[in-house]
Structure formats: C-alpha cells, structure tokens
Amino acid sequence: MRSRVPVALAFAVSVYAAPIHAQTPEEQALTLLHASSAQSAIITFCGKHYAIDGTTALRISQTTRDVATKVLGRERADAAFKDELARRYAEVKDVGEQQWCTDQRDGLSKGAVRIFKN
C-alpha cells in the first residue's frame with residue numbers, strides 16, 4: 001500500500017498543479033488541497049454516473065491533504081480545505097454534476113492512475 005502513496009501524490013500534483021518549482025510551499029499546499037477537493041467531489045458525485053476507483057481517489061485526497069497539513073498546520077489546512085471544498089461543490093453545481101464528472105473523466109483518462117474505470 002505504501003508504494004501507492006508517492007504515485008497518488010505525483011498524480012495529484014501533475015494533474016492539478018502549475019509547475020511545482022514556481023510555487024512557494026504555501027502555494028504548493030493550496031494546490032494540493034485543490035487536488036484533494038477534486039478527488040472528494042469525484043467520490044461524492046461521479047460514482048452515480050461512472051464506475052470509479054473510490055479507494056484510489058480517497059487515497060489521493062487524503063495523501064494530498066496530509067502533505068498540505070504538514071506545510072500549513074492543522075487549523076489553516078482544515079480551514080483552507082473547507083473553503084476549497086465549498087468552492088468545488090459550487091463548481092459542480094454550476095457546471096452540472098453529470099457534465100462536471102464527464103469533464104473530470106475526460107481530463108484524467110490519459111494519466112497513469114485510473115480513477116474512472118469506464
């Protein structure tokens with residue numbers, strides 16, 4: 001199981017981050033929370049529309065959150081994640097659940113880690 005953690009973290013950073021070297025540690029942590037909220041939304045909304053690997057999505061979400069927490073501290077990370085998750089859920093609502101999930105599926109279809117099974 002431990003060997004999947006670096007893969008999950010690399011996946012999250014590669015999909016959701018600007019070039020990581022161009023970011024401060026705080027910006028990197030916020031980018032990781034952005035990735036975590038996307039995985040949380042996939043778990044919450046997309047299983048109704050597509051077969052997903054919820055275990056991998058949860059692992060990515062939790063790993064990225066754990067790393068962000070180490071940088072920001074528990075209180076700041078929790079507050080930032082709460083804000084990011086609210087923003088993400090509003091995004092899903094604005095775009096429409098099915099379309100948002102389709103967009104995520106299309107965007108993640110070429111990566112090494114497969115969240116969407118179909």
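For the structure itself, consult the block above.
Notes on the structure follow. Computed from a predicted structure; not experimentally measured.

Moving on: the packing of helix α3 (residues 54-72) against helix α4 (residues 74-95). When two helices pack together, their arrangement is given by the angle between their axes and by how far apart the axes lie. α4 packs onto α3 with a crossing angle of 130° between their chain directions and a minimal axis gap of 7 Å. Judged on the interaxial angle alone, α4 and α3 are oblique. Two packed elements cross with a definite hand, and for α3 against α4 that hand is right-handed. Here Arg65, Ala68, Thr69 and Leu72 of α3 lie close against α4, whose contacting residues are Arg74, Arg76, Ala77, Asp78 and Phe81.

Tracing the sequence through the fold places arginine 88 in helix α4. For arginine 88, a relative accessible area of 3% puts it in the buried group. Once you skip the residues sitting within four places of it in the chain, arginine 88 turns out to touch His34, Ser37, Ala38, Ala41 and Trp100.

Right, let's talk about the state of the cysteines for a bit. A complete count under the given rule lists one disulfide for this structure. Linked covalently through their sulfurs, cysteine 46 and cysteine 101 form a disulfide whose S-S length is 2.2 Å. Residues cysteine 46 and cysteine 101 are joined through a disulfide that is left-handed, its torsion about the S-S bond being -90°. In this pair, cysteine 46 is assigned in the loop between α2 (25-45) and α3 and cysteine 101 in helix α5 (residues 97-108), connecting sequence segments 55 residues apart. Exposure class is identical for cysteine 46 and cysteine 101. Each is buried.

A word on the pattern of salt bridges. Tallied over the entire structure, the rule returns eight salt bridges. Here aspartate 78 makes a salt bridge to arginine 65, at a shortest N to O gap of 3.2 Å. Taken together, the positions of aspartate 78 in helix α4 and arginine 65 in helix α3 put the pair 13 residues apart, joining distant regions of the chain. Classification of aspartate 78 by relative accessible area gives partly exposed; the value is 30%. Using a relative accessible area of 22% as the deciding quantity, one classes arginine 65 as partly exposed.

The next thing to look at is the side chain of threonine 69. By secondary structure assignment, the location of threonine 69 is in helix α3. Among the polar contacts made by the side chain of threonine 69, one reaches the main-chain carbonyl oxygen of arginine 65 at a distance of 2.8 Å. Beyond its immediate chain neighbours, meaning those up to four positions away, threonine 69 contacts Arg74 and Ala77.

On to the nonpolar core. If you look at the biggest cluster of nonpolar residues, it comprises 15 residues, and the most contacted ones within it are Ile42, Cys46, Trp100, Cys101, Ile115 and Phe116. Secondary-structure elements contributing two or more residues to this core are α2, α3 and α5. Discounting chain neighbours no more than four positions away, the residues touching cysteine 46 are Ala41, Ile52, Trp100, Cys101 and Phe116. Judged by nonpolar contacts, the second largest core, of nine residues, contains Ala29, Leu33, Ala68 and Phe81.

About the criteria used
- Residues numbered from 1 in each chain as written.
- Predicted model: local features only at pLDDT ≥ 70, side-chain atom pairs only at ≥ 80, totals over all residues.
- Heavy atoms only, no water.
- Axes fitted to C-alpha atoms, helices over the stretch in contact; angles between N-to-C directions.
- Helix = DSSP H or I, 4+ residues; strand = E, 2+ residues; numbered from the N terminus.
- Parallel < 35°, antiparallel > 145°, perpendicular 65-115°, else oblique.
- Left-handed = near helix turned anticlockwise from the far one by under 90°.
- Contact = heavy atoms within 4.5 Å.
- Buried < 20%, exposed > 50% of the residue type's maximum accessible area, 1.4 Å probe, protein only.
- Disulfide = S-S within 2.5 Å.
- Salt bridge = Lys/Arg side-chain N within 4 Å of Asp/Glu carboxyl O.
- Polar contact = N/O pair within 3.5 Å; in protein donor to acceptor, adjacent residues only side chain to side chain.
- Core = buried A, V, L, I, M, F, W, Y, C linked by side-chain atoms within 4.5 Å.

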